Every structure is written in C-alpha cells, then in structure tokens.
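What follows is the residue order along each chain.
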Amino acid sequence: METLQSFRLKRNITIDFSTFEAQLRQQVLGIIGMGFSTVQNLLLNLLDVIVIAMVSFFRLLDGRRLGNLIVRLFPPGLRDDLIRAIQNNFLGFF
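The rules behind these values
- Residues numbered from 1 in each chain as written.
- Predicted model: local features only at pLDDT ≥ 70, side-chain atom pairs only at ≥ 80, totals over all residues.
- Heavy atoms only, no water.
- Salt bridge = Lys/Arg side-chain N within 4 Å of Asp/Glu carboxyl O.
- Helix = DSSP H or I, 4+ residues; strand = E, 2+ residues; numbered from the N terminus.
- Buried < 20%, exposed > 50% of the residue type's maximum accessible area, 1.4 Å probe, protein only.
- Phe/Tyr/Trp six-rings, centres within 6.5 Å; stacked < 30°, edge-to-face > 60°.

A. Molecular detail of the pattern of salt bridges. A complete count under the given rule lists two salt bridges for this structure. Between Arg-65 and Asp-62 there is a salt bridge; the shortest N-O distance is 3.3 Å. Linking Arg-65 with Asp-62, this pair stays in helix α2 (residues 18-71), spanning three residues, or about one helical turn. According to the relative accessible area criterion, Arg-65 is exposed, its value standing at 59%. Of the residues examined, Asp-62 reaches a relative accessible area of 34% and is grouped as partly exposed.

Quick look at the structure:
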C-alpha cells in the first residue's frame, strides 16, 4: 500500500473515490433492504405455518360439528345434495 501511495505522489496522480463510495453505499443499502425483506418473509411464513397447524388441529377436533354448522346455513331441501357434493368433492373431509 505504501508503494502505491508513493508512486501516486511521485506522479502527482489524484484518485477520486466519491463514485466508488456512492456505488458501495447503494449496494450496502440494497443488501440491507434485501435482508430486512427476507427476515420479514420468514416471519410471515412462520406465522402462516402456525395458523395452518392450529386450524388443522381444531378442525380435527371439531370437524363434524363445524361441517354440520355450515350445512345448516343452507335451505333444508338442498342439504342432502350439498352433503353428497361435499363428500364427493372433498373426499369426506367434512
């Protein structure tokens, strides 16, 4: 580094690092922004997994009652057809 400095001084060469600094600053800020975005996406995905696990667990516990509650929202004449269609389409999940 010293030889480069002495070479530069002997030849009276000036080096302007302002454009390099600006580009470096932009790249660092971009990397920091990507890091925050990645952390945010990871936390949101973790939240999705937790919500899906909770809904699935309670669905397994009270699935029959929940299915009956949903079916009761429809008129009595459509209930049998609705139950049959749900069982065929959702493979008996309800």
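Having seen the model, we can carry on.
B. Region of the structure containing the packing of aromatic side chains. On inspection of all chains with the given rule, the structure shows one aromatic pair. A ring pair is formed by Phe-57 and Phe-58, whose centres lie 5.3 Å apart and whose planes are at 75°; its orientation type is edge-to-face. A relative accessible area of 48% means that Phe-58 is categorised as partly exposed.

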